[in-house]
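Structure assessment
In case you want the letters, here they are:
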Amino acid sequence: MSGHERFGEAVAHPNLALVKYWGKRDRALNLPATGSISISMGAFRTRTAVEFGSDRGADEVVLNGETADGGTSTRISEFLDLVRTEAGLDGVAAKVTSENDFPTAAGLASSSSAFAALGVAACHAAGLEPTTTELSLLSRRGSGSAARSIFGGFVEMRLGNRSDGQDAVAEQLAGAEHWDIRIVIAVTDPRPKRVGSTEGMELTRKTSPYYAGWVDTSGEDLRRARDAVKSRDLPALGEVAEHSALKMHACTLAAQPGILYWRGGTVEAMHAVREMRSAGHGAWFTVDAGPHVKVLCMPDDVDAIGERLRSIPGVTDVLVSNVGAPASLIDAAKEV
Ligand code: PMV
């Protein structure tokens, strides 16, 4: 058996939720309390290699050139266990090497691309041949948003209602070629986020008086977003994206203790987007569990929006993405 027979390498793009996932109905299986809709961010990618070896003592995880901390390593080993069990490789350790070509700490949804790329690479290395639906189910176990990063373009994560989670899976609404829109990102604080998404979701679910309202109203947001994607209606998609983001943050702010992800630059950037809109630019914002502001727009508006965001004192960088492709295996043979 050659050394490369148990090797797999894959790339995946992070995705941006327009209708947010915030809250779990089952923590062990990582089942969401609501569906969600996202776009793949093609300008950023995670590239991950996995090699299983019977001669290895324990899993070794290297992220962006550095050995991963204990918590991250454990999370990755537990995820790999799902693949090992499926492939009959129990007890066979792996080396995982992963690189992001975007700032990991900047909170640009790196867990979505991380577990999608890891799932694709690990399955290949283990000799499995999963369907995209199976890959999405697997990636969901690592991170809810990763279920969406298996697909490119515009993606919906289904809530599902089975207790085993087999219908809590993502599917593509439309490919990247369906609609050429852009995401302009105002980076407002390079520090890693202080409250991780699982912790934030759980605190919100348990203590926010608005949590029930958040869950109850998500179906309507999903319907609006689905229709807007289908008919390429940016004002309609932008409006529901802003609404979903503000509603998610209202819900986290009302937790006890309240979770405040925003910095000053976040608020200034949101005001700037609304001012630009009043001045005739098609621009709508969304904000995840972090301080950065992501702006949806058409390609023609990117320069004006980027310039305006850069002029805000709390904004440290501005990045732009197009709509991205699905996660995919890297064929080592074709790369040489
Ligand atoms: O996939 P997680 O567990 O990192 O949670 C993602 C949470 C948000 O990014 C805020 C929303 C979303 O739907 O991606």
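You'll find the structure just up there.
Quick look at the structure, then. Keep in mind the model is a prediction, meaning the values are calculated, not measured.

With respect to unusual backbone geometry
Of all residues except glycine, most have a negative phi; of all peptide bonds, most are trans. Put simply, glutamine 256 and proline 257 share a cis peptide bond, and its omega is -5 degrees. Among the structural elements, proline 257 can be located in the loop between helix H8 (234–253) and helix H9 (264–278). With phi around 50 degrees, asparagine 64 is a residue other than glycine that occupies positive phi space. When you line up the elements, asparagine 64 lands in the loop between strand S7 (60–63) and strand S8 (66–67).

Considerations on the environment of phenylalanine 154
With respect to the secondary-structure elements, phenylalanine 154 resides in strand S10 (residues 154–157). Residues phenylalanine 154 and threonine 67 lie 87 residues apart in sequence; the distance between their C-alpha atoms is 34 Å. If we ignore the near neighbours within four places in the chain, the residues touching phenylalanine 154 are Ser38, Ile39, Glu171, Gln172, Leu173, Ala174, Gly175, Trp179, Ile181, Val229 and Val323.

Quick notes on the sheet that holds strand S11 (residues 170–174)
Taken together, the 4 strands give an open sheet; going across it, the order is S2-S5-S10-S11, and neighbouring strands pair in antiparallel fashion. Only two strands of the sheet have a single neighbouring strand rather than two, namely strand S2 (15–19) and S11. With strand direction ignored, the average angle separating the axes of adjacent strands in the sheet is 35 degrees. Examined bridge by bridge, S10 and S11 share 4 bridges and lie antiparallel to one another. In the strand pairing of S11, phenylalanine 154 is matched with alanine 174. Sheet contacts for helix H7 (residues 218–230): S2, strand S5 (36–40), S10 and S11; angle to S5, the most-contacted strand, approximately 35 degrees.

Basis of the calculations
- Residues numbered from 1 in each chain as written.
- Predicted model: local features only at pLDDT ≥ 70, side-chain atom pairs only at ≥ 80, totals over all residues.
- Heavy atoms only, no water.
- Helix = DSSP H or I, 4+ residues; strand = E, 2+ residues; numbered from the N terminus.
- Contact = heavy atoms within 4.5 Å.
- Pairing = 2+ DSSP bridges.
- Axes fitted to C-alpha atoms, helices over the stretch in contact; angles between N-to-C directions.

All quantities given are derived from atomic positions and should not be read as evidence of function.
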